[in-house]
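Residue-level listing of the chains:
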Amino acid sequence: MWLQRRITFEPRPRGIHLVTGEVLGAMPELSGFRVGMLHLLIQHTSASLTLNENASPEVRADPATWLDRAVPEGAHDWTHTLEGEDDMPAHVKAALMGPSLTLPLSHGRPALGTWQGIYLCEHRDHGGPRSLVATAWGEGG
Amino acid sequence: MWLQRRITFEPRPRGIHLVTGEVLGAMPELSGFRVGMLHLLIQHTSASLTLNENASPEVRADPATWLDRAVPEGAHDWTHTLEGEDDMPAHVKAALMGPSLTLPLSHGRPALGTWQGIYLCEHRDHGGPRSLVATAWGEGG
Amino acid sequence: MWLQRRITFEPRPRGIHLVTGEVLGAMPELSGFRVGMLHLLIQHTSASLTLNENASPEVRADPATWLDRAVPEGAHDWTHTLEGEDDMPAHVKAALMGPSLTLPLSHGRPALGTWQGIYLCEHRDHGGPRSLVATAWGEGG
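Predicted model, so just to flag it, every value in this text is computed and none were measured. (Residues numbered from 1 in each chain as written. Chains lettered and ligands numbered in written order. Predicted model: local features only at pLDDT ≥ 70, side-chain atom pairs only at ≥ 80, totals over all residues. Heavy atoms only, no water.)

(A) Representation of the sheet that holds strand S6 (residues 109-110) of chain C in the model. All names here are of chain C. As summarised here, the arrangement of the five strands in space is S1-S8-S3-S5-S6, forming an open sheet in which the pairing is antiparallel. Two strands in the sheet have a free side with no partner beyond their single neighbour: strand S1 (2-9) and S6. Summarising the sheet, strand S3 (residues 33-42) and strand S8 (residues 130-140) pair through nine bridges and their orientation is antiparallel. Residue pairing in the sheet places Leu38 in a bridge with Ala136 of S8. (Pairing = 2+ DSSP bridges. Helix = DSSP H or I, 4+ residues; strand = E, 2+ residues; numbered from the N terminus.)

So, in structure tokens, the structure goes:
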């Protein structure tokens, strides 16, 4: 039992955005999987996907602050600068956070912990719309 | 052929802990998979899973030391502080290391390199027990 | 429908190397998958796999430069030093970038974004040949 679909996210400002509801809303057929897996790939190299705490908004702000400090714009040794100051740091941040998530499905939904949510990390100032490929496989019943 | 099981790890101190034996011991049916995949998700946002060298204990200590220096407690720009000094750095470290592992199965066991082991990274001082969802799928024979 | 194969990469110098063509060339049967997944695991703890931009060579150089600065050799608090100055930083970099990639297959090939390529990150000065386990599963037709 396979399901594969392209999801497009509207443009979002730089930062870390909770998208659990949007992803699951685009995949209503997940309710038919007794056991399986859900995989999400973001088809870009300056944005990423991660799991993090879905309760406190500060838990969205602080990792973004940390990334900005750890991978600064304007560092003297960036050589790839022609796409803007925010571009090369965005590629490094994207590699650190990772382009995909793989999640178990159990009784029709992702078996996440109580406090886990799916996050889109937008590392560019004006990244535009972002494409995701969502793939689910498993057994129904 | 699908197998899905919850595994609970006993509380462990902050640090990086080799858990290969514990994970495989909880999944004896893996020996029946000729080819397949094993996926592990930690259902928490302040602990993570990674592969690293299973030979030298120092290779466990040094990444933890590096993470403590790279994501320090008490940084002036953390805003989420009400759960303790170790909490917000734990969320960032968890995002950097990642919440899951996906491993190939070959002839009844994970096709790891000779020196690769599965590690639980406990990023909190007192994280308590930790829940994992282990899912395997593939072909028997 | 399952396919599993060992791929060996020739020794490469320290740095980030585009290997999309080499990986796909070793897996010609992928063209037979209508929908599915491709998983790649590097069986080493001092090299890693990532997706990044496949257009500009500087986008290969800059993340390597950043990693060298963020995880420096010769830091006073490394304790695992007997395998050389480049060894312990290599284990930390490998954990940050991750040992595996999971990619959706669609109509016979990986559903990557236009600018996404598969990269081997060699974190050692002389890492030698590197082994990959490539596993694909899905539906043909």
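(B) Seen up close, the interface of chain C and chain A. Listed as interface residues are 30 residues of chain C and, on the opposing side, 28 residues of chain A. There are zero salt bridges connecting chain C and chain A. Across the contact surface, chain C and chain A share nine residue pairs in polar contact (both at pLDDT 80 or more). Elements that contribute at least two residues to the side of chain C that touches chain A include exactly S3, strand S4 (47-53), helix H2 (58-70), helix H3 (87-97), strand S5 (100-106) and S8 of chain C. Ranked by the residues each element gives to the side of chain C that touches chain A, the list is headed by H2 of chain C, at seven residues. (Contact = heavy atoms within 4.5 Å. Salt bridge = Lys/Arg side-chain N within 4 Å of Asp/Glu carboxyl O. Polar contact = N/O pair within 3.5 Å; in protein donor to acceptor, adjacent residues only side chain to side chain.)

(C) Spotlight on the side chain of His17 of chain B. Within the fold, His17 of chain B resides in strand S2 (residues 13-18). Here Pro13 of chain B takes part through its backbone oxygen, which lies 2.6 Å from a polar atom of the side chain of His17 of chain B.

(D) View of the packing of aromatic side chains. Within this structure, the stated rule accounts for six aromatic pairs over all chains. The interplanar angle of 20° and the centroid separation of 5.3 Å between the aromatic rings of Trp2 of chain B and Trp137 of chain B together place this pair among those described as stacked. Of the two residues, Trp2 of chain B sits in strand S1 (residues 2-9) while Trp137 of chain B sits in strand S8 (residues 130-140), which places them 135 residues apart along the sequence. On the basis of an interplanar angle of 65° and a centroid distance of 5.8 Å, the ring pair of Trp137 of chain B and Trp137 of chain C is categorised as edge-to-face. Pair noted here: Trp137 of chain B is in strand S8 and Trp137 of chain C is in strand S8, and the two residues belong to different chains. (Phe/Tyr/Trp six-rings, centres within 6.5 Å; stacked < 30°, edge-to-face > 60°.)

(E) Examining the relation of the copies chain B and chain A more closely. Superposing chain B onto chain A takes a rotation of 120° combined with a translation of 0.0 Å along the rotation axis, leaving an RMSD of 0.0 Å. In the structure described here, the two chain copies are related by an operation that fits a three-fold rotation axis. Using C-alpha coordinates, one finds that chain B approaches the rotation axis most closely at Leu96 of chain B, a distance of 3.5 Å. An overlap of only 11% is found between the interface residues of chain B and their copies at the interface of chain A, pointing to separate contact surfaces. (Least-squares fit on C-alpha atoms with pLDDT ≥ 70 in both.)

(F) The arrangement of the relation of the copies chain C and chain A in detail. For the pair chain C and chain A, the superposition axis carries a translation of 0.0 Å, the fit reaches an RMSD of 0.0 Å, and the rotation angle comes to 120°. An asymmetric contact is evident, with only 10% of the interface residues of chain C recurring at the interface of chain A.

(G) How the structure looks around the interface of chain B and chain A. At the junction of the two partners, chain B supplies 28 residues and chain A supplies 30 residues. Where chain B meets chain A, there are nine residue pairs in polar contact (both at pLDDT 80 or more). Looking at the side of chain B that touches chain A, the elements that each hand over two or more residues are S1, strand S3 (33-42), helix H3 (87-97), strand S5 (100-106) and S8 of chain B. In terms of residue count, the dominant contributor to the side of chain B that touches chain A is H3 of chain B (five residues). Tallied by class, the residues present in the side of chain B that touches chain A amount to 15 nonpolar, eleven polar and two charged. (Nonpolar A, V, L, I, M, F, W, Y, C, P; charged D, E, K, R; others polar.)

(H) Focus on unusual backbone geometry. Its identity as a non-glycine residue notwithstanding, His107 of chain A has a phi of 50°, on the positive side. Turning to its location among the elements, His107 of chain A is positioned in the loop between strand S5 (100-106) and strand S6 (109-110).

(I) Geometry of the packing of helix H2 (residues 58-70) of chain B against H3 of chain C. Where H2 of chain B contacts H3 of chain C, the two axes come as close as 10 Å, and the packing angle between them is 65°. One finds that H2 of chain B runs roughly perpendicular with respect to H3 of chain C. As for how H2 of chain B packs across H3 of chain C, the hand of that crossing is right-handed. Residues Val59, Asp62, Pro63 and Trp66 of chain B of H2 of chain B touch H3 of chain C, and the partners they reach there are Met88, His91, Val92 and Leu96 of chain C. A breakdown of the residues in the contact of H2 of chain B with H3 of chain C according to their chemical character gives six nonpolar, one polar and one charged. (Axes fitted to C-alpha atoms, helices over the stretch in contact; angles between N-to-C directions. Parallel < 35°, antiparallel > 145°, perpendicular 65-115°, else oblique. Left-handed = near helix turned anticlockwise from the far one by under 90°.)

(J) Region of the structure containing H3 of chain B. By the criterion of burial, H3 of chain B is predominantly enclosed, with eleven of the eleven residues buried. Turning to H3 of chain B, its buried residues are Asp87, Met88, Pro89, Ala90, His91, Val92, Lys93, Ala94, Ala95, Leu96 and Met97 of chain B. (Buried < 20%, exposed > 50% of the residue type's maximum accessible area, 1.4 Å probe, protein only.)

(K) Representation of the environment of Ile118 of chain A. All names here are of chain A. With respect to the helices and strands, Ile118 occurs in strand S7 (residues 116-126). Looking at Ile118, the relative accessible area reads 0%, which means it is buried. When the C-alpha positions of Ile118 and Leu18 are compared, they lie 5.9 Å apart, and in sequence the two are 100 residues distant. The residues touching Ile118, leaving out its near neighbours within four places in the chain, are His17, Leu18, Val19, Thr20, Val23, Leu40, Thr50, Leu51, Leu101 and Leu103.

(L) Looking closely at the sheet that holds strand S7 (residues 116-126) of chain C. All names here are of chain C. Across the sheet, which stays open at both edges, the three strands sit in the order S2-S7-S4 with antiparallel pairing between neighbours. The open sheet has two free edges, formed respectively by strand S2 (13-18) and S4, since each of these has just one partner strand. Sheet twist, expressed as the mean angle between neighbouring strand axes with direction ignored, is 25°. Packing against the sheet, H2 makes contact with S2, S4 and S7, and its axis sits at approximately 140° to S2.

(M) Representation of the pattern of salt bridges. Residue and element names in this part refer to chain C. Under the counting rule described, the total for this entry stands at 30 salt bridges over all chains. Here Arg14 ties to Glu73 by a salt bridge, and the two come within 2.6 Å at their closest N and O atoms. Of the two residues, Arg14 is situated in strand S2 and Glu73 in the loop between H2 and H3; the sequence distance between them amounts to 59 residues. For Arg34, the salt bridge identified is with Glu139, shortest N-O distance 2.6 Å. Residue Arg34 is located in strand S3, and its partner Glu139 is located in strand S8; the two are separated by 105 residues in the primary sequence. According to the relative accessible area criterion, Arg34 is partly exposed, its value standing at 37%. By relative accessible area, Glu139 is classed as partly exposed at 31%.

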